[in-house]
Amino acid sequence: MLGYAGDGEKASWIKLELGFDWAFNYKTQDLHQTLKIAAPKGVDIFIDSVGGSFHQSVLPHMNYGGRIIQLGNLALYNNPQKVAMIPANDLMVALKELTIVGFNVFRYSEYFEETLDQLSQLCRDGKLQAYEHVIEGFENMPKALIDQLHGKSQGKVIVRV
């Protein structure tokens, strides 16, 4: 399993704490080179929450019949007016017969309570560990949001009032 983060500390965290085989800082390490190292035979499944040019850079490394799960588009959340123009990927998707599927958690809203119960039990049993980035004070809510958009937070951001 291969993961990317926006700083070295987060990359270490996903490798050491979460058990990823490979973890890289996409801001300081070349994406194409890291994919050649960590996925020399190509990528079968790409779970993407970044989008934008990051998404575009992974496509050439996708294997024939590869699957892409689009969770979000963090590349655009912070500044949607300045979207970088990226080449069309239609031909690559067609030639590699890639499947791109969007994922929206609200589609599964009828399962929220049951899932929350199951996840809570896993936490109580020590089988699942939540990572929380806690910020104190209602007045710090705007800073918490800005920090999250700039990748300064790690885990679920909680503002305690």
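**Q** Account for the overall build of the protein, naming residues and giving values.
**A** Helix and strand counts for the protein stand at seven helices and seven strands. Taken from the N to the C terminus, the helices and strands of the protein come in the order β-α-β-α-β-α-β-α-α-β-α-β-α-β. Here the protein holds 161 residues, and 25% of them are scored as buried. On the protein, roughly 11500 Å² of surface is accessible, and the fraction owed to carbon and sulfur atoms is 57%. For the protein, the distance from the average position of its 15 positive side-chain charges to the average position of its 18 negative side-chain charges is 5 Å.

**Q** Describe a nonpolar patch on the surface, naming the residues involved and giving the relevant values.
**A** A contiguous nonpolar surface patch, about 860 Å² in accessible area, is contributed by Ile45, Ile47, Leu71, Phe103, Val105, Phe106, Tyr108, Tyr111 and Phe112. Given a relative accessible area of 45%, Ile45 falls into the partly exposed group.

**Q** Any chance you could break down unusual backbone geometry for me, citing the residues and the numbers?
**A** Of note in this structure, Glu97 is not a glycine but carries a positive phi near 50 degrees. As for its placement among the helices and strands, Glu97 is situated in the loop between helix H5 (90-95) and strand E5 (99-102). Among the residues examined, Glu97 registers a relative accessible area of 47% and is labelled partly exposed.

**Q** Go over the nonpolar core with me, naming the residues and quoting the values.
**A** In this structure, Leu31, Leu35, Ala39, Val43, Phe46, Phe54, Val58, Leu59, Met62, Ile68, Val93 and Leu98 together form the largest nonpolar core, which totals twelve residues. Going through the elements one at a time, helix H2 (31-38), strand E3 (43-48), helix H3 (52-58) and strand E4 (62-70) are the ones with two or more residues in this core. Excluding its chain neighbours within four sequence positions, the residues that come into contact with Leu98 are Leu59, Met62, Asn63, Gly66, Ile68, Met92 and Val93. Residues Ala11, Ile14, Phe20 and Ala23 belong to the second largest nonpolar core, which totals five residues.

**Q** Give a detailed account of H2, specifying residues and quantitative values.
**A** For H2, the set of buried residues is Leu31, Thr34, Leu35 and Ala38. An end-on view of H2 places all buried positions within 100 degrees of arc, on one side of the element. Against the buried residues of H2 lie strand E1 (2-5), strand E2 (22-25), E3 and H3. The backbone nitrogen of His32 lies 3.2 Å from a side-chain oxygen of the residue at the head of H2, namely Asp30.

**Q** Just give me the short version of the environment of Gly3, but keep the residues and values in it.
**A** With respect to the helices, strands and loops of the structure, Gly3 is situated in strand E1. Overall, Gly3 belongs to the buried group, its relative accessible area being 6%. In the structure, Gly3 is positioned twelve residues away from Lys15 in sequence and 8.0 Å away in space, judged by C-alpha atoms. Contacts of Gly3, omitting those with residues within four sequence positions, involve Ile14, Phe20, Trp22, Ala23 and Phe24.

**Q** Talk me through the environment of Gln121; I want residue IDs and the actual numbers.
**A** The residue Gln121 is located in helix H6 (residues 112-124) in this model. A polar contact is formed between the side chain of Gln121 and the side chain of Asp125, at a distance of 2.8 Å.

**Q** If you had to explain the packing of aromatic side chains to someone new, which residues and values would you point to?
**A** Considering all chains together, one arrives at seven aromatic pairs under this definition. Three or more aromatic residues link up through ring pairs in this structure, and these residues are Tyr4, Trp22, Phe24, Tyr26, Phe46 and Phe54.

**Q** Got a sec to walk through the pattern of salt bridges? Specific residues and values, please.
**A** According to the stated counting rule, one finds two salt bridges in the structure shown. Close ionic contact of Glu136 with Arg160 constitutes a salt bridge, the shortest N to O distance being 3.0 Å. Separated by 24 residues along the polypeptide, Glu136 in strand E6 (residues 132-136) and Arg160 in strand E7 (residues 156-160) bring together distant segments of the chain. Glu136 gets classed as partly exposed once you look at its relative accessible area, which sits at 47%. Classification of Arg160 by relative accessible area gives partly exposed; the value is 45%. Across the pair Asp147 and Lys143 runs a salt bridge whose closest N-O atoms are separated by 2.7 Å. Residue Asp147 and its partner Lys143 are both found in helix H7 (residues 141-149); the two are separated by four residues, about one turn of the helix. Under the relative-accessibility criterion, Asp147 is labelled buried at 13%.

Reading the values: rules and limits
Residues numbered from 1 in each chain as written. Predicted model: local features only at pLDDT ≥ 70, side-chain atom pairs only at ≥ 80, totals over all residues. Heavy atoms only, no water. Helix = DSSP H or I, 4+ residues; strand = E, 2+ residues; numbered from the N terminus. Buried < 20%, exposed > 50% of the residue type's maximum accessible area, 1.4 Å probe, protein only. Areas by Shrake-Rupley, 256 points an atom, 1.4 Å probe, with all protein chains shown as cover. Lys, Arg positive; Asp, Glu negative; His and termini not counted. Charge placed at Lys NZ, Arg CZ, Asp CG, Glu CD. Patch = residues over 30% accessible without salt bridge, like charges linked within 9 Å, V, L, I, M, F, W, Y side chains within 5 Å. Salt bridge = Lys/Arg side-chain N within 4 Å of Asp/Glu carboxyl O. Core = buried A, V, L, I, M, F, W, Y, C linked by side-chain atoms within 4.5 Å. Contact = heavy atoms within 4.5 Å. Arc of directions from axis to C-beta. Polar contact = N/O pair within 3.5 Å; in protein donor to acceptor, adjacent residues only side chain to side chain. Phe/Tyr/Trp six-rings, centres within 6.5 Å; stacked < 30°, edge-to-face > 60°.

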